[in-house]
Amino acid sequence: MLPLPSNPDEWVLHPAPAWGDKVDFVANTTFDDSGPGSLRFEQLLFEKLRDQRHRLCCIPFFTYGFCLGDVVALADDAEIGLTPGDVLERSDHWSLRVLLAPDGDVAALRDLLTTHCAAVETRGRLVACSVVGRGRLESLRRGLDELERGEHLSYETAWI
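Because the structure is predicted, anything quoted here is derived from the model rather than measured.

> Can you help me understand the overall build of the protein in this one?
For the protein, the count of helices and strands is two helices and 10 strands. Put simply, the protein runs from its N terminus to its C terminus through helices and strands in the order β-β-β-β-β-β-β-α-β-β-α-β. Along the three orthogonal principal directions, the C-alpha set of the protein runs to about 50 × 35 × 25 Å. Across the 160 residues that make up the protein, the buried fraction comes to 44%.

Okay, structure coming up:
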């Protein structure tokens, strides 16, 4: 087993994953300097399927290219060990990341996410959320756009 970078301040973890009851495998990712502070790595949580396939059970906070429920192949990385590689099967989930402004309307965001049946994970003011289906995504984005215009939050997609 490869030694992992040991500075805990560099890692993003998922203590309450969206599909925590299915998690039985962990893989690591690195990301560019877009994370705050010294963050460099994210542990993503998976359900191990057959034939070396793994289903993502958490909503990425910083890693791009993956959504809740995507089935991926893992690749070996010399620095961090097993890491998600190619997406083999896209799920019907659309994942977004929301950064709530310090004085943002938390209740309005909570109501919007509840109305759209969003799966949610939080890390301080950062909210990773996921909805099923393009129609629900478009409706959620309209609501997020309105809150963004009111300077309550900013958001981005996770799958690009």
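> Would you explain the pairing of strand β9 (residues 126-132) in this entry?
Of all seven residues that make up β9, six are buried, and the element is covered over most of its length. Inspection of the sheet shows strand β7 (residues 93-100) paired to β9 by seven bridges, in the antiparallel sense. Directly across from L99, in β9, lies its bridge partner L126. Note that strand β8 (residues 119-123) and β9 share five bridges and pair antiparallel. Paired with T122 across the bridge in β9 is V127. The loop that links β8 with its antiparallel partner β9 comprises two residues; one of these, G124, has a positive phi angle of about 65 degrees.

> Looking at this structure, I do not really get the sheet that holds β9. What am I missing?
Strand pairing in a sheet relies on backbone hydrogen bonds. The paired strands run either parallel or antiparallel. Strands sit in the order β8-β9-β7-β10 across an open sheet of four strands; the sheet is antiparallel. The two strands at the open ends of the sheet, each matched to only one other strand, are β8 and β10 (153-157). Taken pair by pair, the neighbouring strands of this sheet meet at an average axis angle of 20 degrees, ignoring direction. Across the sheet, helix α2 (residues 134-149) is in contact with β7, β9 and β10; its angle to β10 comes to roughly 150 degrees.

> What am I meant to see in helix α1 (residues 106-115) here?
Side chains three or four residues apart in an α-helix point the same way, a direct result of the helix having 3.6 residues per turn. Restricting attention to buried positions, one finds in α1 the residues L109, L112 and L113. Viewed along the axis of α1, the buried residues span an arc of 95 degrees, placing them on a single side of the element. Structural note: α1 exposes R110, T114 and T115 on the side pointing more than 90 degrees away from its buried face. Looking at the buried side of α1, the elements it contacts are β7, β8, β9, α2 and β10. Between a side-chain oxygen at the N-terminus of α1 and the backbone nitrogen of A107 the separation is 3.3 Å; the capping residue is D105. Immediately beyond the C-terminal end of α1, within one or two residues, lies C117, with a positive phi of roughly 55 degrees.

> Which parts of the structure should I look at to understand the packing of aromatic side chains?
Two aromatic rings are characterised by how far apart their centres lie and by the angle between their planes. On inspection of all chains with the given rule, the structure shows two aromatic pairs. Arranged with centres 4.8 Å apart and planes meeting at 25 degrees, the rings of W11 and F41 form a pair that is stacked. Here the residue W11 occupies a position in strand β1 (residues 11-12), and F41 occupies one in strand β3 (residues 41-48), the gap between them amounting to 30 residues. In this pair, the class of W11 matches that of F41, namely buried. Measuring from centroid to centroid gives 4.9 Å for W94 and W159, while their planes differ by 80 degrees, and the two rings are edge-to-face. On the criterion of sequence distance, the pair formed by W94 in strand β7 and W159 in the segment after β10 is long-range, its members being 65 residues apart. Positioned above the aromatic ring of W19, the side-chain terminus of K22 is 4.5 Å from the ring centre. Above the plane of the ring of Y64 lies R97, whose end atom (NZ or CZ) is 4.5 Å from the centre.

Rules of the game
- Residues numbered from 1 in each chain as written.
- Predicted model: local features only at pLDDT ≥ 70, side-chain atom pairs only at ≥ 80, totals over all residues.
- Heavy atoms only, no water.
- Helix = DSSP H or I, 4+ residues; strand = E, 2+ residues; numbered from the N terminus.
- Buried < 20%, exposed > 50% of the residue type's maximum accessible area, 1.4 Å probe, protein only.
- Pairing = 2+ DSSP bridges.
- Axes fitted to C-alpha atoms, helices over the stretch in contact; angles between N-to-C directions.
- Contact = heavy atoms within 4.5 Å.
- Arc of directions from axis to C-beta.
- Polar contact = N/O pair within 3.5 Å; in protein donor to acceptor, adjacent residues only side chain to side chain.
- Phe/Tyr/Trp six-rings, centres within 6.5 Å; stacked < 30°, edge-to-face > 60°.
- Lys NZ or Arg CZ within 6 Å of the ring centre and 35° of its normal.

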